[in-house]
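Structural overview
Chain residues, written in single-letter form:
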Amino acid sequence: MFRFVVIFFVFIPTYLFAQPANDDPKEVAYYFKDELVESINSKEWERLSTAFTDNAVVILDNSDIFHKKDEFIQFLSSSAILKKLKIKNYTIANAYVDRDIEVLSPNIFIASGTAEFVYYLARGKAIHIPVRWMATLIKQEDKWQIASYQGTINALENPIMDQMRHDFYMICFITLLLGFIIGIAWKKFMRKIK
């Protein structure tokens, strides 16, 4: 009996939520937004794979581009992404869908929104990066999938740039302070010589 209950709760929800309940673009967009967040955070690559078409074009926020779903999933599931980004883990804290959705036909629409990616550095620090995203969703053979996805980061307004700016100002302040101390010490040294 226990095995049946476990199988029911493991497989039935996956089957029930395999596709959105109807073809309303807003509902489809919200469904895929939740699917991507949950599958990436739990590192369920097979689940993530079913959300994309075979020839999906994916552009990540670090400008990596993939023209095949398999390449994208392989990149995410290997340690390559961690080495490339010099991090030990990553998750999506929040994701939102914009109110306006561009419906191109009953089977194609473009959705956009925002997300907050969290990158965990090797030192243990977590950096929260705001991301804008856009996805094209298509319906083929009664199945909705993502045909393209692109994430972008504002290069001038993000926590990494803020940290670099802070470090730069701190270096300038310390250099100024050291210069002031050396100047006073030099002045006292010259007075002693005279």
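Below you will find a few notes about this structure. As the structure is a computational prediction, the values presented were derived from the model and not from experiment. Per chain, the residues get numbers from 1 upward, laid out in the order the sequence is written. In view of the model being predicted, local features appear only for residues whose pLDDT reaches at least 70, and side-chain atom pairs are presented and counted only at 80 or more, with totals across whole chains, interfaces and linings using the full set of residues. To get the side-chain values, take all heavy atoms of the structure and skip hydrogens and water.

1. Comments concerning unusual backbone geometry
Positive phi values are uncommon outside glycine, yet Glu141 reaches one of about 50 degrees. Going along the chain from the N terminus, every DSSP run of H or I of four or more residues is numbered as a helix, and every run of E of two or more is numbered as a strand. Summarising the element assignment, Glu141 is placed in the loop between strand S6 (126–140) and strand S7 (143–152). On the basis of relative accessible area, Glu141 is assigned to the exposed category, the value being 82%. Unlike most non-glycine residues, Asp142 shows phi in positive territory, near 60 degrees. With respect to the element layout, Asp142 can be found in the loop between S6 and S7. Classification of Asp142 by relative accessible area gives exposed; the value is 66%. Residue exposure (1.4 Å probe, protein chains only): buried if accessible area is under 20% of the type maximum, exposed if over 50%, otherwise partly exposed.

2. Describing a nonpolar patch on the surface
Patch membership requires over 30% relative accessible area and the absence of a salt bridge. Like charges are linked within 9 Å, and nonpolar side chains (Val, Leu, Ile, Met, Phe, Trp, Tyr) within 5 Å. With residues, only the protein chains shown are counted as cover, and all accessible areas are computed by Shrake-Rupley using a 1.4 Å probe. The working definition used for a salt bridge is a side-chain nitrogen of Lys or Arg within 4 Å of a carboxyl oxygen of Asp or Glu. A cluster of nonpolar side chains, Met170, Phe173, Ile174, Leu177, Leu178, Phe180, Ile181, Ile182 and Ile184, forms an exposed patch at the surface whose accessible area comes to about 880 Å². Structurally, the position occupied by Phe180 is in helix H6 (residues 159–193). Assessed through its relative accessible area of 54%, Phe180 is described here as exposed.

3. Focus: helix H2 (residues 25–41)
Given a helix with a known number of residues, its expected span is that number minus one, times 1.5 Å. In this model H2 runs 24 Å from its N-terminal to its C-terminal C-alpha over 17 residues, within 8% of the 24 Å that 1.5 Å per residue would give. Taken together, the buried positions of H2 are Pro25, Val28, Ala29, Tyr31, Phe32, Lys33, Glu35, Leu36, Val37, Ser39 and Ile40. At the exit of H2 stands Lys43, carrying a positive phi of roughly 60 degrees.

4. Here we look at the pairing of S7
Criterion used throughout: strands pair if DSSP finds at least two bridges between them. Across four bridges, the pairing between strand S1 (residues 52–59) and S7 is parallel. Pairing of Ile59 across the sheet is with Gln150, part of S7. Judged from the nine bridges that link them, S6 and S7 form a sheet pairing that is antiparallel. Its bridge partner lying in S7, Trp133 is registered against Gly151. Taken together, S6 and the strand that follows it, S7, pair antiparallel across an intervening segment of two residues, in which Glu141 is found at a positive phi of about 50 degrees.

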